[in-house]
Amino acid sequence: MVVYRDPAGRQRRRAAGTLAEARLLKSEVSADLARGAYREQSRIRFDEYASEWVRTYQGRTSRGIRSTTLAEYAQDLELHVLPVLGRRRLAEIEPRHIKALATALAEGRAGSTVKNIIAPVRALFATAVEEGVIRSSPCTGLRIAGTTDHERRALTDDELDRLLEATAPHWRLVVRFLSQTGLRAGEFIALRWEDVDLDARRIRVRRRIYKGTVDAPKSRFGRREIPISPVLADELRSHRATTKFPRQGDIVFPSLEGTPLNTGNLLRRVVKPAGERADLGWVGLHTLRHTCASLLFRSGWNAKQVQMMLGHHSPAFTLSTYVHLIPDDLPEPVFRG
C-alpha cells in the first residue's frame with residue numbers, strides 16, 4: 001500500500017500487487033506531485049465505463065467500426081470480462097489483472113479466440129487513456145500466447161492428398177475449392193453462381209454470412225476477384241450441370257434444401273471426420289485457408305499478391321501471419337558483372 005498526501009493535504013492510499021510495483025507507484029506519484037501534474041484517480045468502475053464505451057465507441061481508425069464487430073465486442077465483454085473485472089475501479093486494474101484474465105480465458109480456448117476476447121478490453125482502456133480517465137493502459141505490453149502450431153499449420157501436398165482421399169466423394173470438391181481459393185468460411189457458404197465466371201476463371205467475393213446474417217466482406221479488402229485453375233473451373237462446371245440449384249442466385253455449395261451450409265456442421269460432419277481418417281485430426285476449415293497461402297508462396301507469389309488473394313488489409317499482415325509458410329531455401333543469386 002502506498003500512502004501519500006494529495007495537493008490539498010488529504011491522505012490517500014493506493015494498492016499495489018507487489019513491493020516492486022508499490023515502489024514504482026510511489027515514485028510516479030511523488031514525481032507527479034513535485035511537478036504539479038498529480039491527478040486523483042477516477043472512481044468509475046469497469047462495468048460502468050464499459051456500458052458507456054460500448055454505446056459511444058466509434059473505432060480507432062478513420063474507417064470506424066462495423067456494427068457487427070461492436071456487437072461482438074459487447075457480447076465478449078458481457079460474457080467473459082465483466083464477471084471478472086466489472087466491479088473493480090477502472091483506475092485500479094493493473095497488468096496482473098489482465099494477465100490473470102487472459103490465463104483464465106486460455107483454458108480450453110485457442111489463442112486466437114483469447115486475442116479476440118481481449119481486443120475490446122485493449123480498445124476500452126486505450127479510450128480511457130485518451131479521455132484522461134486513467135493515466136496508462138494495463139494492457140500495454142501484454143503478450144498473449146499465440147495460436148498453436150496445429151491452428152497455424154498448412155497441409156503439405158501429401159497431407160492434402162490424404163485428406164481428399166479420406167473425404168466423402170460428395171464433399172471432395174468443397175475441400176479442393178477451399179484449399180485452392182483460400183476463402184474464409186463465411187465467404188464460402190455465401191457464394192452464389194452469379195459470383196462465378198467459369199469462362200474467365202474468376203471467383204468474385206462480394207458477401208459473407210456472419211452469425212447467420214448476410215453481410216459485406218470483413219473489410220473493403222475482402223471484396224476481390226480470385227483466379228482459379230482450368231481444372232477447378234471444369235470441376236465447377238460439372239458440379240453446376242448436376243446440382244439441383246444451378247440458377248444465378250443459387251448457392252454454389254448448398255445444403256439439401258438449397259440454403260447456405262452451416263460452417264459448424266461442415267467442420268464436424270465433413271472435415272473433422274475426414275481428418276481423423278487421414279490421421280490429421282488437427283485439420284479445421286481455416287487449415288485449408290492456410291494451405292492455400294502455402295501453395296501460393298511455394299508457387300512464387302509475393303506477399304502483395306497473396307494479400308489480394310486472401311483479402312487481407314495489408315501485405316505486412318499477410319507476412320506476419322504466414323511468414324512460417326514461406327520456403328526458406330534461398331535461390332541462386334543473380335549478379336551483374
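Residues numbered from 1 in each chain as written. Predicted model: local features only at pLDDT ≥ 70, side-chain atom pairs only at ≥ 80, totals over all residues. Heavy atoms only, no water.

Moving on to the environment of Phe 125. As for its position among the elements, Phe 125 is in helix H5 (residues 111–130). Residue contacts for Phe 125: discarding those within four places in its chain leaves Phe 46, Leu 90, Ile 93, Ile 98, Ile 134, Ser 137, Pro 138 and Cys 139. (Helix = DSSP H or I, 4+ residues; strand = E, 2+ residues; numbered from the N terminus. Contact = heavy atoms within 4.5 Å.)

Inspection of the entire model under this criterion finds one cavity of 30 Å³ or more. Empty space within the largest cavity amounts to approximately 40 Å³. Every residue along the wall of the largest cavity is listed here: Glu 187, Ala 190, Leu 191, Asp 195, Arg 204, Val 205, Arg 206 and Arg 207. Across the lining of the largest cavity, the residue classes break down as three nonpolar, no polar and five charged. (1 Å grid on protein atoms, 1.4 Å probe; cavity = no way out; pocket = protein on both sides within 12 Å on 5 of 7 lines; lining within 4 Å. Points joined across faces, edges and corners; volume = space filled by probe spheres on them. Nonpolar A, V, L, I, M, F, W, Y, C, P; charged D, E, K, R; others polar.)

One face of the sheet, then the other: side chains in a regular strand alternate in exactly this way. Side-chain alternation along strand S4 (residues 202–205) places Ile 203 and Val 205 on a buried face and Arg 202 and Arg 204 on a face that remains uncovered. With two bridges connecting them, strand S3 (residues 196–197) and S4 associate as antiparallel partners. When the bridges of S4 are listed, Val 196 appears paired with Ile 203. Where S3 folds back onto S4 in an antiparallel hairpin, the turn is made up of four residues, including Arg 201, whose phi is positive at roughly 55°. Bridge count between S4 and strand S7 (residues 224–227): four bridges; the pairing is antiparallel. Looking across to S7, one finds that Arg 204 is bridged to Glu 225. (Buried < 20%, exposed > 50% of the residue type's maximum accessible area, 1.4 Å probe, protein only. Pairing = 2+ DSSP bridges.)

For the pair helix H2 (residues 46–56) and helix H3 (residues 67–85), the least separation of the axes is 11 Å and the interaxial angle reads 180°. Between H2 and H3, the angle is such that the two are roughly antiparallel. Note on element contacts: H3 touches H2 through Leu 70, Tyr 73, Ala 74, Leu 77, Val 81, Leu 82 and Leu 85, opposite Phe 46, Asp 47, Ala 50, Trp 53 and Val 54. Among the residues making up the contact of H2 with H3, the classes are represented as 11 nonpolar, no polar and one charged. (Axes fitted to C-alpha atoms, helices over the stretch in contact; angles between N-to-C directions. Parallel < 35°, antiparallel > 145°, perpendicular 65-115°, else oblique.)

In an α-helix there are 3.6 residues to a turn, and that puts residues three or four apart on one side. Its 16 residues place the ends of helix H1 (residues 19–34) 22 Å apart at the C-alpha level, agreeing with the 22 Å of an ideal helix rising 1.5 Å per residue. What H1 keeps buried is the set Ala 22, Leu 25, Val 29 and Asp 32. End-on, the buried residues of H1 take up no more than an arc of 90°, which puts them together on one face. Along H1, exposed side chains directed more than 90 degrees from the buried face belong to Leu 19, Ala 20, Arg 23, Leu 24 and Ala 34. At its buried positions, H1 is contacted by strand S1 (2–5) and strand S2 (11–14). Taken from the residues just after H1, Gly 36 is the one with a positive phi, measuring 75°. (Expected span 1.5 Å × (residues − 1). Arc of directions from axis to C-beta.)

Remember, this is a structural readout, not a statement about activity or role.
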